Amino acid sequence: MVEKQVEAVAVINMKKIGIIIAFIVTSVSFAQQDSTTVYKKRVLESTEIDFLLSYYSQDGDNASVTGGIGTEELTDITPTIVVSYPLNDDDILTVDFGISSYTSASSSNLNPWDSSGASNGEDDDDDDDEDDDDDGFRNADSVIEGSPWVASSGASEQDVWVGGSVSYSHSSDDRNFIWSGHVSFSTEYDYTSIGFGGAVTKLFNEKNTEISIGAQAYIDTWNPQYPTELDSYLEAEGDLNDGFFSGVTIWGVNDADEIYAIDKSGDPLTNWAPENFSLISDKGRNSYSTTINFSQILSKKAQFSLFLDVVYQQGWLANPMQRVYFADKNNYYIGNPDDIPVYETKENMGVFHLADDIERLPDTRFKTPIGFRFNYFINEFLIIRTYYRYYFDDWGVNSHTANIEIPIKIGGKFTIYPSYRYYTQTAADYFAPYNEHLSTSEFYTSDYDLSEFDANQYGFGVSYTDIFTKAHVWKFGIKNIDLRFHQYDRSNGLSAWIISGGIKFVMQ
Amino acid sequence: MKKFGLLVIAIVSLSSCVTVKEYEKVNINDPDMKLSDYSIDRFKTNALVYREAASGGNGGKTGGGCGCN
């Protein structure tokens, strides 16, 4: 009896042990299955295509090509396409291509006499091509007029910028580490650029904290274009009866404010002689920058980021198209002498001041922008986006930028975007207005983008978003449509506006 | 700069007390909460790089790639 009881207990124990072993084995196998089958969301679900377009227009009275006075009228249209392609769960390839076509009254005045026939529709003679032979291209008795207030029709009136970039990014399995790299290329009539860079991003603290570090370099090259009269002066070797100047009257103004035609064969010291001018020696312009970004989620409704860029530029940092006039040199003109007394006003329709030099700036620049963003989710209808940047460089420019944007959600698919931006900057050490520089200075510019000013920008936008992409064009669903308008007004009179639109398609 | 540094330290110290879980990030993940410019604003940013002496700090150009400031 006792033996039977012992056998029964032994069988029960065996069963228990078997059940426990089976449970453990099953548990382990489930656990193994759990650890090997981690669900990984694709970084980008499917191919996205952005079609973007902008139209920009500006006007003002301080054109840098004409030495700090004159029309700044400019329009630009830029169509762009951006394609983001998921190579797999973790990697994205993005191709970005754009064309910017602009018409500029100020840059057309590289040769301000072109529209009146000074060059008779032939070579503008504003590049540094040493093979130019412009002798006798103009009729001796042609009417020659030009003005900083009137757009010329020279070759530089229109230009096209073409640029593109290819970038690649990889995210780790846990999505806590991302690295990326990019290359870019752009070209326009007087400028070519090659760029490359990379960045790494680390997320931690349950993706509440993010640190990103990036670096990039641009290796750029000028194809310098010069003001016609300066380039022609070098080509004619200072002979005002030769080349571009042949048969053209040059007007001077004496101490009694009397206008007279100069003796072009007279003493060069008492004639127009831009002796500071020379062709630029270094056509390279390289820019190296590093960026550090720190982002932090503060609560379920608030997050901020801090950023710091350090930028070093080296090479020809001035623009060879931009004229400078010296206060310690006499003024000389080509065109209608009756307009000389009103040269600095828009009444001047026919005379142009011969430049003393192009702008000259140091061959290095060290820039540091630093600032933060702070976004707050007020409720499901309202978000506040803020931005502040302090900027300083070793050219003496200090600036503050503050921006606020308040997305307001209307219904489930529409959002409107009112925004305001304030900007202020001090002048660069080398800036002075028209005809106020001294020829003895090493550096000088009359580019009002480097002057002291404040600016206000008001914006409004509307966005349509359909995360389900119900509307289709062929195989692509429309995910998002954006439209933005911004009005920009500077305290020195420049006014500009820009309208931008975009449609994002997602491949179904 | 010192004030800015102190502000940064203060904010970072405060923030380290809070950890928002993934399932609590529905508001943070709203596209309008993104801590960067909208892609549609690239044209506006680019125009300002030409018209102002300051640049950078916004994901746009910092001086290279164009004959701008």
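Residue numbers restart at each chain and count upward from 1, following the sequence in its written direction. Both sets of labels track the order of writing: A upward for chains, 1 upward for ligands. Reporting of local features is limited, given that this is a predicted model, to residues whose pLDDT is at least 70; pairs of side-chain atoms are given and counted only at 80 or more, and all residues count toward the totals for whole chains, interfaces and linings. Computation of side-chain values: all heavy atoms of the structure, hydrogens and water removed.

Participant: Describe in detail the overall build of chain B, supporting the description with residues and values.
Facilitator: Each helix is a run of H or I in the DSSP string that is no shorter than four residues. Each strand is a run of E no shorter than two, and both are numbered from the N terminus. Across its full length, chain B carries two helices and zero strands. Exposed residues in this analysis have more than 50% of their type's maximum accessible area, buried residues have under 20%, and partly exposed residues fall in between, with area computed by a 1.4 Å probe over protein chains only. Here chain B holds 69 residues, and 52% of them are scored as buried. Note on areas: Shrake-Rupley with a 1.4 Å probe; residue coverage comes only from the protein chains shown. Surface summary for chain B: the accessible area is close to 3,300 Å², and the carbon and sulfur share equals 64%.

Participant: Got a sec to walk through the sheet that holds strand S13 (residues 332-335) of chain A? Specific residues and values, please.
Facilitator: Residue and element names in this part refer to chain A. Two strands qualify as a pair provided that DSSP identifies no fewer than 2 bridges between them. As summarised here, the arrangement of the four strands in space is S9-S8-S13-S14, forming an open sheet in which the pairing is antiparallel. In this open sheet, the two strands that pair with only one neighbour each are strand S9 (259-261) and strand S14 (351-353). The sheet shows a mean angle of 35° between the axes of neighbouring strands, direction not considered. The sheet contact formed by strand S8 (residues 251-253) and S13 spans two bridges and is antiparallel. Paired with Gly252 across the two strands is Tyr332, which belongs to S13. Axis definition: a line fit to C-alpha positions, over the contact stretch in the case of helices; interaxial angles, taken between N-to-C directions, run 0 to 180 degrees.

Participant: So, empty space enclosed by the protein: which residues are in play, and what are the values?
Facilitator: Lining residues are those with an atom within 4 Å of a point, where the points come from a 1 Å grid over the protein atoms alone and group into cavities, where a 1.4 Å probe fits but cannot get out, or pockets, open sets with protein on both sides within 12 Å along at least five of seven lines. Grid points are joined across faces, edges and corners, and a volume is the space filled by probe spheres set on the points. In the structure shown here, the tally under the stated rule is three cavities of 30 Å³ or more. Considering only enclosed or pocket space, the largest cavity measures out at about 300 Å³ in volume. Elements supplying a minimum of two residues to the lining of the largest cavity: strand S16 (364-379), strand S17 (382-393), strand S18 (398-405) and strand S21 (419-425) of chain A together with helix H2 (42-51) of chain B. Grouping the constituent residues of the lining of the largest cavity by class yields five nonpolar, nine polar and 10 charged. The volume enclosed by the second largest cavity comes to roughly 50 Å³. As for the second largest cavity, its lining consists of Tyr56(A), Gln457(A), His486(A), Tyr488(A), Ala496(A), Trp497(A), Ile498(A), Lys44(B), Ala47(B), Leu48(B) and Arg51(B). Looking at the lining of the second largest cavity, the elements that each hand over two or more residues are strand S24 (476-490) and strand S25 (495-507) of chain A together with H2 of chain B. In the scheme used here, Gly and all other residues not listed as nonpolar or charged are polar, with Ala, Val, Leu, Ile, Met, Phe, Trp, Tyr, Cys and Pro taken as nonpolar and Asp, Glu, Lys and Arg as charged.

Participant: Let's hear about the interface of chain B and chain A: which residues, and what values?
Facilitator: We call two residues in contact when some of their heavy atoms are within 4.5 Å. Contacts between the two partners involve 48 residues from chain B and, on the opposite side, 84 residues from chain A. Buried area is calculated as the accessible area (1.4 Å probe) missing from two parts once they are joined, with the contributions of both summed. It is Leu35(B), Phe43(B) and Arg51(B) in chain B that bury the most area against chain A; as a group they hold 14% of the surface buried on that side. Within this document, salt bridges are pairs made up of a side-chain nitrogen of Lys or Arg and a carboxyl oxygen of Asp or Glu, the two lying within 4 Å of each other. Between the two partners, chain B and chain A, sit eight salt bridges. Of the charged contacts, one joins Arg51(B) and Asp449(A) as a salt bridge, the two residues approaching to 2.6 Å between their closest N and O atoms. At the level of elements, helix H1 (2-15) and H2 of chain B are the ones that each hand at least two residues to the side of chain B that touches chain A. The residue makeup of the side of chain B that touches chain A, split by class, is 20 nonpolar, 14 polar and 14 charged.

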